2 protein chains.
Amino acid sequence: MGDEVKLYGVDGSPFVCRVKIALNLKQVKYDFYVEDLSNKSADLLKYNPAHKKIPVLVHNENPISESLVIVEYIDEAWKGVPILPHDAYEKAQVRFWAKFNEDKCIPALFKAIGSHGSEEAVAEAHEQLQFLENELNVKGGKFFGGDNVNLVDISASFIAFWLGAAEEALGIKVLAKDKFPKLTEWCGNYINCQPVKESLPAREILVAFFKKRFGGN
Amino acid sequence: MGDEVKLYGVDGSPFVCRVKIALNLKQVKYDFYVEDLSNKSADLLKYNPAHKKIPVLVHNENPISESLVIVEYIDEAWKGVPILPHDAYEKAQVRFWAKFNEDKCIPALFKAIGSHGSEEAVAEAHEQLQFLENELNVKGGKFFGGDNVNLVDISASFIAFWLGAAEEALGIKVLAKDKFPKLTEWCGNYINCQPVKESLPAREILVAFFKKRFGGN
């Protein structure tokens, strides 16, 4: 349809990857513009003046920022497999858990990683992960979205792929299989789902990144 | 239709008020359950185990948490005046600015208030408010939603009403009329819009709250 779709980001970002996965699920072709975060492009500053952050999606010259806002936009702008359910209540639950991952769970995991797995930070991360474990137990599906990946799965990409790379880099364990069997199973299901798999960065790059960033001394 | 709608909250909260405004815009009748935040009810802990926070909306025994998620739910669950636009791109913009208010602007204002109007914190708040001033300038309407209140307006309730009460309580000025003429005008438009006006708490209570919380020494 002559759609021009541009994505501004960096390869290793879990937030950029959310957008890549959503575009891939909808089979939308796009051009990827790699940003140098120490010297942001004039385009990025123009398209996202309020945050000056990646990812930014530009659809026919209309810019959209904030990864979860972008994923909802992609779901509404393109047909194909739905990323959010139609029912208003189910949709609210999906938005709630995506926001939970964004505001509570991922920050707790960053703290656990940043503290090299300190007991207190890991306990706090476990408290948050337990809510997701319970959700999967209640739902009983392959993904948070049941048989298909939904916004909650996409919002949790960091847990499925980045967390394991950080654990390997630092020699710590946060997502313990015996404590979180459902979530561990979900990680495998999610990263092996084809549209997700194709969108993930190389694991070695992430391991190297976490070693450099948090592995010091 | 036999709808049972319950809202758990406290009277002075700007986040609870967002939900009251949305329900009022849709002319939905509801029962308001006042929470004692120092001794939260069993209902609140049951309905929002992940955050244990207000507001919680319970619609026919289905609980929903997070004020902006609740407002979107209300918009989708009840007909009447729309709170979000239909167009996917416009909707993404509305979600972006609501999230901006939530994550950037209101926290910056809390810092400005908490620091009793320190130069640095006020400058940071001004930087955020300037984005909203620009938005109103570009849009040119009475509200962020044009002729009607939308999610961005509702998300900014704190700026329209709570901020002024805090300024009065502490004898500071953050939202200066000469710097932010459009935003100042918007505050008046918004708090005088009937469904909003009916939902706001008494201003004296807020002034007393801010004096007690931040006025000391």
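Conventions used here
- Residues numbered from 1 in each chain as written.
- Chains lettered and ligands numbered in written order.
- Predicted model: local features only at pLDDT ≥ 70, side-chain atom pairs only at ≥ 80, totals over all residues.
- Heavy atoms only, no water.
- Helix = DSSP H or I, 4+ residues; strand = E, 2+ residues; numbered from the N terminus.
- Rg over C-alpha atoms; globule rule 2.2 N^0.38 Å.
- Buried < 20%, exposed > 50% of the residue type's maximum accessible area, 1.4 Å probe, protein only.
- Areas by Shrake-Rupley, 256 points an atom, 1.4 Å probe, with all protein chains shown as cover.
- Lys, Arg positive; Asp, Glu negative; His and termini not counted.
- Charge placed at Lys NZ, Arg CZ, Asp CG, Glu CD.
- Domains from an automatic or database assignment.
- Contact = heavy atoms within 4.5 Å.
- Buried area = accessible area lost by both parts, 1.4 Å probe.
- Salt bridge = Lys/Arg side-chain N within 4 Å of Asp/Glu carboxyl O.
- Polar contact = N/O pair within 3.5 Å; in protein donor to acceptor, adjacent residues only side chain to side chain.
- Phe/Tyr/Trp six-rings, centres within 6.5 Å; stacked < 30°, edge-to-face > 60°.
- Lys NZ or Arg CZ within 6 Å of the ring centre and 35° of its normal.
- Least-squares fit on C-alpha atoms with pLDDT ≥ 70 in both.
- Expected span 1.5 Å × (residues − 1).
- UniProt positions renumbered as here; feature names shortened; annotations may be inferred.

A count of helical and extended segments in chain A gives ten helices and four strands. Each helix and strand of chain A, ordered N terminal to C terminal, gives the series β-α-β-α-β-β-α-α-α-α-α-α-α-α. In summary, chain A has a C-alpha radius of gyration of 17 Å against a globular reference of 17 Å for 217 residues, a match within 12%. Viewed in the frame of its principal axes, chain A has a C-alpha envelope of about 50 × 45 × 30 Å. When the 217 residues of chain A are sorted by exposure, 55% land in the buried category. About 10,000 Å² of surface is accessible on chain A, with carbon and sulfur atoms providing 50% of the total. Of the charged side chains in chain A, 26 are positive and 30 negative; the average position of the first set lies 2 Å away from that of the second.

Let us look at the domain arrangement of chain A. All names here are of chain A. By domain assignment, chain A separates into domain 1 (5-77) and domain 2 (88-214). Inter-centroid distance (C-alpha atoms) of domain 1 to domain 2 is 21 Å. Listed by partner, the interface residues are 15 residues for domain 1 and 19 residues for domain 2. Summed over both partners, the interface of domain 1 with domain 2 comes to about 1,500 Å²; 67% of that surface belongs to carbon and sulfur atoms. At the boundary of domain 1 with domain 2, the tally comes to two salt bridges. Counting across the domain 1 and domain 2 interface gives seven residue pairs in polar contact (both at pLDDT 80 or more). Going through the elements one at a time, α1 (14-25) and α3 (67-77) are the ones with two or more residues in the side of domain 1 that touches domain 2. Take the side of domain 1 that touches domain 2: its biggest share by element is nine residues, from α1.

All names here are of chain B. Inspection of the secondary structure puts Val71 in helix α3 (residues 67-77). Under the relative-accessibility criterion, Val71 is labelled buried at 0%. In this structure, the C-alpha to C-alpha distance between Val71 and Ile54, residues 17 residues apart in sequence, is 14 Å. Those residues within four positions of Val71 in sequence are excluded, and the remaining contacts are Arg18, Val19, Ala22, Ile83, Leu151 and Ile154.

Inspection of the entire model under this criterion finds 26 aromatic pairs over all chains. Arranged with centres 4.9 Å apart and planes meeting at 15°, the rings of Tyr8 of chain A and Tyr33 of chain A form a pair that is stacked. Of this pair, Tyr8 of chain A sits in strand β1 (residues 5-9) while Tyr33 of chain A sits in strand β2 (residues 31-34), and the two are 25 residues apart along the sequence. Between Phe209 of chain B and Phe210 of chain B, the aromatic rings sit 5.3 Å apart at their centres with planes inclined by 70°, giving edge-to-face as the arrangement. Residue Phe209 of chain B is classed as partly exposed on the basis of its relative accessible area of 41%. Residue classification places Phe210 of chain B among the buried positions, given a relative accessible area of 1%. One Lys or Arg, Lys6 of chain A, reaches over the ring of Tyr33 of chain A and ends 5.9 Å from the middle of that ring. Here the guanidinium or amino end of Lys20 of chain B rests over the ring plane of Phe32 of chain B, the centre of that ring lying 4.0 Å away.

Before going further, it helps to examine the relation of the copies chain B and chain A. Expressed as a screw transformation, the operator carrying chain B onto chain A has a rotation angle of 180° and an axial translation of 0.0 Å, and the superposed copies differ by an RMSD of 0.0 Å. Between the two chains, the operation in question is that of a two-fold axis. Minimal C-alpha distance to the rotation axis in chain B is attained by Asp103 of chain B, lying at 4.9 Å. Mapped onto chain A, 100% of the interface residues of chain B again fall at the interface, so both copies present the same surface.

Right, let's talk about helix α5 (residues 119-139) of chain B for a bit. Residue and element names in this part refer to chain B. Compared with an ideal rise of 1.5 Å per residue, which puts 21 residues at 30 Å, α5 spans 30 Å between its outermost C-alpha atoms and is within 8% of the ideal. Buried residues of α5: Ala121, Val122, Ala125, His126, Gln128, Leu129, Phe131, Leu132, Glu133, Glu135 and Leu136, and no others. Check the buried side of α5 and you find it contacts α4 (88-114), α7 (157-170) and α8 (181-191). Remark: Gly140 follows α5 within two positions and exhibits a positive phi of approximately 75°.

When the UniProt feature table is mapped to this numbering, "domain: GST C-terminal" (unreviewed entry) covers residues 87-214 of chain A. With 73% helix and 0% strand, residues 87-214 of chain A has end C-alpha atoms that lie 42 Å from one another.

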